Amino acid sequence: GAVVSQHPSWVICKSGTSVKIECRSLDFQATTMFWYRQFPKQSLMLMATSNEGSKATYEQGVEKDKFLINHASLTLSTLTVTSAHPEDSSFYICSGRNPYGYTFGSGTRLTVV
Amino acid sequence: QQQVKQSPQSLIVQKGGISIINCAYENTAFDYFPWYQQFPGKGPALLIAIRPDVSEKKEGRFTISFNKSAKQFSLHIMDSQPGDSATYFCAASMNTGNQFYFGTGTSLTVIP
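Anyway, here's the lowdown on the structure attached to this text. (Residues numbered from 1 in each chain as written. Chains lettered and ligands numbered in written order. Predicted model: local features only at pLDDT ≥ 70, side-chain atom pairs only at ≥ 80, totals over all residues. Heavy atoms only, no water.)

On to the overall build of chain B, then. The helix and strand tally for chain B stands at zero helices and eleven strands. By the compact-globule yardstick of 13 Å for 112 residues, chain B fits well, its C-alpha radius of gyration being 13 Å. Along the three orthogonal principal directions, the C-alpha set of chain B runs to about 40 × 30 × 20 Å. In chain B, which comprises 112 residues, the share counted as buried stands at 44%. Pairs at least 24 residues apart make up 53% of the contacts formed inside chain B by residues separated by at least 6 positions. Here chain B has roughly 5,500 Å² of accessible surface; of this, 48% comes from carbon and sulfur atoms. Considering chain B, the positive charge centre built from 9 side chains and the negative charge centre built from 7 side chains are found 3 Å apart. (Helix = DSSP H or I, 4+ residues; strand = E, 2+ residues; numbered from the N terminus. Rg over C-alpha atoms; globule rule 2.2 N^0.38 Å. Buried < 20%, exposed > 50% of the residue type's maximum accessible area, 1.4 Å probe, protein only. Contact = heavy atoms within 4.5 Å. Areas by Shrake-Rupley, 256 points an atom, 1.4 Å probe, with all protein chains shown as cover. Lys, Arg positive; Asp, Glu negative; His and termini not counted. Charge placed at Lys NZ, Arg CZ, Asp CG, Glu CD.)

See the structure below:
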């Protein structure tokens, strides 16, 4: 139980375009979803925390207009990287709070060319 | 400031040996300490977790040792296997649903 499905698993996009990443909690209601970014061989860095039905809380240094987070339902949270640039290339991971703790998605490898 | 410090950065262990990864924290408000295992290109998966009211927790070959006074906790992998080769992250959080603070990760390689 407590599965978070994250899609896509990888995406390549051109500079200047936008990319949407979806995280769905399949068998629980994720009232809180965390979005992380991970560079190669580095730890997970929290980008933002989203609560269903309210605005996301962004960590210091994270541009909220660039990384748009929507948590419109208890089972779906999305991260949209707007006007992507090569420096946005990274591994993005969501994590949903469930009754047993926290479950991570499988991650999305974003490459901006 | 790194809330949770993890060492070593990398570890090579022979098959059948014991792998030990250490973490230390400063914030005494932390009351949940999980360990995550991450394979390349995948999200972290919860391995085992402990709360500060116990000093040790064992699940199969994985054991967490917790020293509240020293503000340290460690992961022991007994009878390490090549399939255990992955990156391991310790983390800490306050049980109010707040964020996790992750360690910097340990790349474990178990050689046959």
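So, about the environment of A:Trp10. In this fold, A:Trp10 is placed in strand 2 (residues 10-13). Between the C-alpha atom of A:Trp10 and that of A:Thr111, which follows or precedes it by 101 residues, the distance is 8.0 Å.

Residue and element names in this part refer to chain A. Within the structure shown, the criterion is met by two disulfides over all chains. The disulfide bridge from cysteine 23 ends at cysteine 94, spanning 1.8 Å between sulfur atoms. With the S-S dihedral at roughly -90°, the linkage between cysteine 23 and cysteine 94 falls on the left-handed side. Within this pair, whereas cysteine 23 is found in strand 3 (residues 19-25), its partner cysteine 94 is found in strand 9 (residues 90-98), the two being separated by 71 residues in sequence. By relative accessible area, cysteine 23 is classed as buried at 0%. Overall, the relative accessible area of 0% leaves cysteine 94 in the buried class. The thiol of cysteine 13 is not disulfide-bonded; the next cysteine sulfur, from cysteine 23, is found 17 Å away. (Disulfide = S-S within 2.5 Å.)

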